[in-house]
Amino acid sequence: MKNFEGFGLSPTLAKSLAYMKYTTPTPIQAQAIPLALEGHDIMGSAQTGTGKTAAFAIPLVEKLLSNPRGSALVLTPTRELGKQIMDIMHQLLGPKSSIKTAFIIGGESMGKQLTQLRARPRLIVGTPGRINDHLERGTLMLHDTHFLVLDETDRMLDMGFTVQLERIFKYMPEKRQTLMFSATLPSNILKLSQKYMSEPKRIAVGETNVVAKNIKQDVIRIEQDQKYKELIVQLHERQGSVIVFIKTKYGADRMANNLRKDGFTADALHGDLRQHKRDKVMKNFREQNFRVLIATDIAARGLDVPHIEHVVNYDLPQVAEDFIHRMGRTARAGAEGSAVSFVSGQDGRKWHAIQLLLNPDSVRKPANDKFVTRRGASSSSSRKKPSRPHETRKPDARKKDVHGEKSGKSNFVKRFHRGKKKAA
Ligand code: AMP
């Protein structure tokens, strides 16, 4: 499939795609769109930033445009991702569309949502909690909703959300079309997903559970109390927008404050902020009104901010899969990006789980386990020779350590590919 014309899409949709400058389908779109248009259930996986949103949004909008009746529901794990999807849906529907939409997320006023729901929307995008609220109040009807999308499927089907989903599905027709997409699909989730689909077509573009290849990765072995200093160094060395992932909400606020005191433009995004503040932070970041976004894992999945050039894993994620998603906030749509992970002595278990996910082979061979280190003059095998907590940095060695990888591939990436080759 060379361009979108071959799909036989409605003129309105074709016009929207041209306006959005989508001329050629990405591989996941080329495979998913025709199958979805034929009415199949789909379980799709492709790496971060490769166009999964349009892979479900295009057939969804086409179905709405070509059928006068019926509605569609898109469920996402976070409000920010929901908003991004809603924006894309509006772009695809076009500015003059008569198809009404409703954006149903927590933290926003019920009044606005009730107005949208009274207008009989044919497209509902939202997060499970608030969708359930409306279903229980009888302000949202899904009996005519035959098209369902679960974006970030593995997150949606994990323990935290399944109860909510089960409740939502009870309000929907049993006979419906279901599309599921993610960059990571643990085997238990893949199995569980079968329960909610009927003879799904499995589409996997590239490898599942891998960090996108166009991301240059570095790993820094560092003690917890040295991380902030190291972050400052990294921010000075790097140019462009940065997203820093941190474990706690309080920590995110405090770090944003400290960075501002240290002369950087920074703000924090986390689940304790009021929704209007969350919106404001995202808007300002998208518009490049500040450079460093400090975020908890609510920003790990799906967010498409093309100018993010660097990801910093200040703390490692609780869930190994989120490592891949965090990395995917950079290097989107074929761009290049870079990422650095701070790994402290306390992170052993989490780091092991991440490696096990990315490359089981390398975990079985610790001798190959080389990290870039901040504390010595060159890379060192950190498992055999852990970095010394009180050793001072050698400033002239620093550049060589992390940026000496002129080939564009870090030790980590090299190790990863080595492992994959062996596995193949
Ligand atoms: P996604 O993975 O859906 O978040 O998409 C990643 C980026 O690719 C977004 O900035 C999209 O706007 C862009 N994109 C998706 N599909 C296409 C396409 N067919 N042509 C050009 N850009 C695209």
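The residue count restarts for each chain, going from 1 along the sequence in the order it is written. Whole-chain, interface and lining totals are the exception, using all residues; otherwise, since this is a predicted model, local features are given only for residues with pLDDT of at least 70 and side-chain atom pairs are given and counted only at 80 or more. Side-chain measures were taken over the full set of non-hydrogen atoms in the model, leaving aside hydrogen atoms and water.

Novice: Looking at this structure, I do not really get the pairing of strand β6 (residues 177-182). What am I missing?
Specialist: Looking down a regular strand, the side chains alternate between one sheet face and the other. Among the six residues of β6, six are classified as buried, and the element is accordingly described as predominantly covered. The buried label applies to any residue whose accessible area, calculated with a 1.4 Å probe on protein chains only, is under 20% of its type's maximum; exposed applies above 50%, and partly exposed to all values in between. Under the DSSP-based scheme used, a helix requires at least four consecutive residues in state H or I and a strand at least two consecutive residues in state E, with every element numbered from the N terminus. Neither face of β6 is open: one carries Gln 177, Leu 179 and Phe 181, the other Thr 178, Met 180 and Ser 182, and all of them are buried. What makes two strands pair is DSSP finding at least two bridges between them. Taken together, the four bridges between strand β1 (residues 42-45) and β6 define a ladder with parallel strand orientation. The residue of β6 that forms the bridge with Ser 45 is Ser 182. Here five bridges tie strand β5 (residues 145-151) to β6, and the two strands are oriented parallel to one another. Bridge pairing links Asp 151 to Phe 181 in β6.

Novice: Honestly, the packing of aromatic side chains in this entry has me stumped. Any pointers?
Specialist: Two numbers describe a pair of aromatic rings. These are the distance of the centres and the angle of the planes. A pair of aromatic rings is counted whenever rings of Phe, Tyr or Trp (Trp by its six-membered ring) have centres within 6.5 Å, and the orientation is called stacked for planes under 30 degrees apart, edge-to-face for over 60 and tilted otherwise. Enumeration according to the criterion identifies six aromatic pairs in this entry. Seen from their ring centres, Phe 56 and Phe 181 are 5.9 Å apart, and the 40° between their planes marks the pair as tilted. Of this pair, Phe 56 sits in helix α3 (residues 52-66) while Phe 181 sits in strand β6, and the two are 125 residues apart along the sequence. Each member of the pair, Phe 56 together with Phe 181, is buried. Looking at Arg 176, its charged tip hangs above the ring of Phe 169, at a distance of 4.8 Å from the centre. Residue placement shows Lys 227 over the ring face of Tyr 314; its charged tip is 5.8 Å from the ring centre. Placement of a positive charge over a ring is assigned whenever Lys NZ or Arg CZ falls within 6 Å of the ring centre and within 35 degrees of the normal to the ring plane.

Novice: Where do I start with the side chain of Arg 176 in this structure?
Specialist: Relative to the elements of secondary structure, Arg 176 occurs in the loop between α8 (159-170) and β6. Counted as positive: Lys and Arg. Counted as negative: Asp and Glu, with His and the chain ends omitted from the count. Throughout this description, the term salt bridge denotes a Lys or Arg side-chain nitrogen within 4 Å of a carboxyl oxygen of Asp or Glu. Nearest to the buried, unbridged Arg 176 among oppositely charged side chains is Asp 41, at 7.0 Å. Here Pro 173 takes part through its backbone oxygen, which lies 3.2 Å from a polar atom of the side chain of Arg 176. Once residues within four sequence positions are removed from consideration, Arg 176 is found in contact with Asp 41, Thr 145, His 146, Leu 148, Phe 169 and Tyr 196. Side-chain atoms alone can form a polar contact between residues adjacent in sequence; in general such a contact is a pair of N or O atoms within 3.5 Å, and within protein one must be able to donate a hydrogen while the other accepts it. Should any heavy atoms of two residues lie within 4.5 Å, those residues are counted as being in contact.

Novice: Would you take a moment to explain unusual backbone geometry for this structure?
Specialist: Of note, the phi angle at Glu 152 is positive, near 55°, even though the residue is not glycine. Relative to the elements of secondary structure, Glu 152 occurs in the loop between β5 and α7 (153-156). You can call Glu 152 buried: its relative accessible area is 6%. At Glu 199, a position not held by glycine, the phi torsion is positive, near 40°. Tracing the backbone through its elements, the reader meets Glu 199 in the loop between α9 (187-193) and β7 (201-204).

Novice: What should I look at first to understand the sheet that holds β1 in this one?
Specialist: Backbone-to-backbone hydrogen bonds join strands into a sheet, with any given pair of strands oriented parallel or antiparallel. What the seven strands build is an open sheet, ordered β3-β4-β2-β5-β6-β1-β7; its pairing is parallel. Edge positions in the open sheet fall to β3 (101-104) and β7, since each of these has one partner strand only. When the angles between neighbouring strand axes are averaged without regard to direction, this sheet yields 10°. Of the pairings in the sheet, the one linking β1 to β7 comprises four bridges and is parallel in character. A fitted line through C-alpha atoms serves as each axis, taken over the contacting stretch for helices, and the angle formed by two N-to-C directions is quoted from 0 to 180°.

Novice: It is not clear to me how the sheet that holds strand β13 (residues 337-343) should be interpreted in this structure. Could you clarify?
Specialist: Sheet architecture is open: six strands sit in the order β8-β13-β12-β9-β11-β10, paired in parallel fashion. With one partner strand each, in any of the chains shown, β8 (215-221) and β10 (266-269) form the two edges of the open sheet. Neighbour to neighbour, the strand axes of the sheet diverge by 20° on average, direction disregarded. Relative to strand β12 (residues 308-313), strand β9 (residues 241-245) runs parallel, the two being bridged by five bridges. In the strand pairing of β12, Val 242 is matched with His 310.

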